[in-house]
Structure formats: structure tokens, C-alpha cells
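Okay, here's what each chain looks like letter by letter:
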Amino acid sequence: MSPDTVTSGSVRSAAEVNEQIRALWMRAGGTLSSQERAEYELLVVEWAAAIRGAVVEAA
């Protein structure tokens, strides 16, 4: 099972969240403000949950 797969309990796939993380870094020019840092942290948590869901589903 690839990390691109939407898993139960996750609205977006890891690939979708990863793309949003990349876009955030591009918009920020490589330096995050405190507000962007908070958004980044939420995205990373969501991405990790999507990855974990894909691993559990694969098992």
C-alpha cells in the first residue's frame, strides 16, 4: 500500500498533505513565520497520521 492512498480516519492522503507542506515552504521562501510554523506543525501531524494509517492498512 502506498502512502498516497487515503486511509480510513484520514480525509487527505499523505501525498496531498506533503504537497501542501511543500507549497507552504515555497510561499514562505524557506523561513517560516510563527503563524506559518503553527500551520506547518499541524500539517506534519496530519501527514504522520496518514502515513501511520497506510502502514496499518498494509499490515
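As the structure is a prediction and not an experimental result, all values here were calculated from the model.

K.L.:
Quick one: what's the story with the overall build of the chain, residue by residue and with numbers?
P.N.:
Counting secondary structure elements, the chain contains two helices and zero strands. The buried share of the chain, taken over its 59 residues, is 22%. By sequence separation, contacts in the chain at least 24 residues apart represent 50% of the contacts at least 6 residues apart. Counting only carbon and sulfur atoms, one obtains 58% of the accessible surface of the chain, whose full area is about 4,000 Å².

K.L.:
Give me helix α1 (residues 14–28): which residues, what numbers.
P.N.:
Its 15 residues place the ends of α1 21 Å apart at the C-alpha level, agreeing with the 21 Å of an ideal helix rising 1.5 Å per residue. Just beyond α1, the residue with positive phi is G29, at close to 70 degrees.

K.L.:
Explain the pattern of salt bridges to me, and be specific about the residues and the numbers.
P.N.:
For side chains of opposite charge, pairing can occur when their charged atoms come near one another. This model, assessed by the stated rule, comprises two salt bridges. Residue R12 is joined to E46 by a salt bridge in which the shortest nitrogen-to-oxygen separation is 2.6 Å. With R12 in the segment before α1 and E46 in helix α2 (residues 34–58), the pair connects residues that are 34 residues apart, well separated along the chain. Looking at R12, the relative accessible area reads 25%, which means it is partly exposed. R27 is paired through a salt bridge with E39; the nearest N and O atoms lie 3.8 Å apart.

The rules we used
Residues numbered from 1 in each chain as written. Predicted model: local features only at pLDDT ≥ 70, side-chain atom pairs only at ≥ 80, totals over all residues. Heavy atoms only, no water. Helix = DSSP H or I, 4+ residues; strand = E, 2+ residues; numbered from the N terminus. Buried < 20%, exposed > 50% of the residue type's maximum accessible area, 1.4 Å probe, protein only. Contact = heavy atoms within 4.5 Å. Areas by Shrake-Rupley, 256 points an atom, 1.4 Å probe, with all protein chains shown as cover. Expected span 1.5 Å × (residues − 1). Salt bridge = Lys/Arg side-chain N within 4 Å of Asp/Glu carboxyl O.

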